[in-house]
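# Fold and geometry: a report
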Amino acid sequence: MIAPSELIINPDGSCFHLHLKPEQLADKIIMVGDPDRVNTVASYFDTKECEVSSREFHTITGTYKGKRITTLSHGIGTDNIDIVLNELDALANIDFASRTIKPIFRQLTMVRVGTSGGLQPFVPVGTYVAAGKSIGFDGVLYFYAGSEKVRDKAFESELMRQLKWKLSGIQPYVVSADPSLVKQITQDDIIRGVTIAANGFYGPQGRKLRLPLADPELNRKIEAFEFNDSRITNFEMESSSLAGLSALMGHRAMTVCCIIAGRVAQDMNTEYKGSMTGLIETVLDRI
Ligand SMILES: O=P(O)(O)O[C@H]1O[C@H](CO)[C@@H](O)[C@H]1O
Ligand SMILES: O=c1cc[nH]c(=O)[nH]1
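Here the structure is a predicted model, which is why all the values come from computation and not from measurement.

Scoring rules and cut-offs
Residues numbered from 1 in each chain as written. Chains lettered and ligands numbered in written order. Predicted model: local features only at pLDDT ≥ 70, side-chain atom pairs only at ≥ 80, totals over all residues. Heavy atoms only, no water. pLDDT = per-residue confidence, 0-100. Helix = DSSP H or I, 4+ residues; strand = E, 2+ residues; numbered from the N terminus. 1 Å grid on protein atoms, 1.4 Å probe; cavity = no way out; pocket = protein on both sides within 12 Å on 5 of 7 lines; lining within 4 Å. Points joined across faces, edges and corners; volume = space filled by probe spheres on them. Nonpolar A, V, L, I, M, F, W, Y, C, P; charged D, E, K, R; others polar. Near = heavy atom within 4 Å. Polar contact = N/O pair within 3.5 Å; in protein donor to acceptor, adjacent residues only side chain to side chain. Areas by Shrake-Rupley, 256 points an atom, 1.4 Å probe, with all protein chains shown as cover. Sits in = over half its atoms within 2 Å of the grid points. UniProt positions renumbered as here; feature names shortened; annotations may be inferred. Buried < 20%, exposed > 50% of the residue type's maximum accessible area, 1.4 Å probe, protein only. Pairing = 2+ DSSP bridges.

Next up on the list: the confidence of the model for the chain. Looking at the chain, pLDDT values average 98 and 100% of them are 70 or higher. Within the chain, the element-level pLDDT minimum falls on strand β14 (residues 267–268), averaging 93, and the maximum on strand β1 (residues 28–32), averaging 99. Confidence estimates for the predicted assembly give a pTM of 0.98 and an ipTM of 0.99.

This is the structure in structure tokens:
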């Protein structure tokens, strides 16, 4: 039995942060950072079954063209993904009444639809980029046993070498999104890239406002990095722990982003919400 302090169930039978009950979760999940983007995704639904809001976690479950889908916001950062993934997995695979793991595994399919900063001239503002691989600047995955089974050690070594890594205490890790899901969602019209999930928006993505950066050359080295014909395409803030934890748990997950900041051309689309709708429609159709 999993103790009440470890799997926290609210008095209404919902999980601690998401405030969702097991029966409110669909097998297909569209995740977004911004709680308001959940409304955009759900505006395409034909039916709406439930809507729950708690902190930055806003969830709507409904149907789209006959498919039952849950859309939920995870807020910003890989640490939030730790909460969201563990609670979604608990909703699917732990019996809340007996607090025991269910004998039959239920697999979830999760697509995160996010915004991102582009790092190459071939992914200008407005491009959709899927994270075939994610580089985690965070440390969430290291707290779970067996992380080495889902990490790409060769890629990690090459990254440390080419980036002449200087930031002590941070060891970037590399994980893959679910390959069959990436194929299903990207088909032949969405770029498959390598995405850095940074543990911050400013310094960790090489943005200098008032504070100087520890390695001011890091973005230049990231942009020049090349390994096995792949380049690092974009920055966002969740894809690494999403791909890594899902792989450890046995779920299918991936991230696809719309580029809203061109870090090479130094341009920005502050009116990006309109360009997210095309990506949301594509993911709804293909999930
Ligand atoms: O637009 P979302 O989905 O939030 O994604 C990106 O935008 C946020 C930073 O502005 C981070 O969450 C990053 O991953
Ligand atoms: O530059 C960007 C834009 C959106 N989200 C990020 O994390 N970085």
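On to the layout of surface pockets. Empty space within the largest pocket amounts to approximately 540 Å³. If you list the elements that add at least two residues to the lining of the largest pocket, you get α2 (78–93) and α7 (239–249). For the lining of the largest pocket, the element with the highest residue contribution is α2, accounting for seven residues. Tallied by class, residues from the lining of the largest pocket come to 14 nonpolar, three polar and four charged. Approximately 400 Å³ is the volume found for the second largest pocket. As for the second largest pocket, its lining consists of 22 residues, of which Ile76, Thr115, Phe201, Met237 and Ile260 are closest to the centre. Among the secondary structure elements, those contributing two or more residues to the lining of the second largest pocket are β7 (109–118), β12 (230–236) and β13 (252–262). Within the lining of the second largest pocket, the residues separate by chemical class into eight nonpolar, eight polar and six charged.

This part takes up the site of ligand 1. Around ligand 1 sit Gly33, Arg37, Ile76, Arg112, Gly114, Thr115, Phe201, Glu236, Met237 and Glu238, and that is every residue in its neighbourhood. Arg37 places a polar side-chain atom, nitrogen or oxygen, 2.7 Å from an oxygen atom of ligand 1. Glu238 is positioned with one of its side-chain polar atoms (N or O) 2.5 Å from an oxygen atom of ligand 1. Within the complex, the protein chains bury 86% of what would otherwise be the 340 Å² of accessible surface of ligand 1. Because more than half of its atoms lie within 2 Å of the grid, ligand 1 is assigned to the second largest pocket.

The UniProt entry lists residues 29–261 under the feature "domain: Nucleoside phosphorylase" (unreviewed entry), expressed in the numbering used here. Taken end to end, residues 29–261 is 27% helix and 34% strand, and its first and last C-alpha atoms sit 26 Å apart.

Bringing the pairing of β1 into the picture now. The buried fraction of β1 is high, at four of five residues. Across five bridges, β1 lies against strand β4 (residues 67–73) in parallel orientation. Bridge pairing in β4 links Met31 to Leu72. Strand direction decides the pairing type here: β1 and β7, joined by four bridges, are parallel. Bridged to Lys28 within β7 is Thr109.

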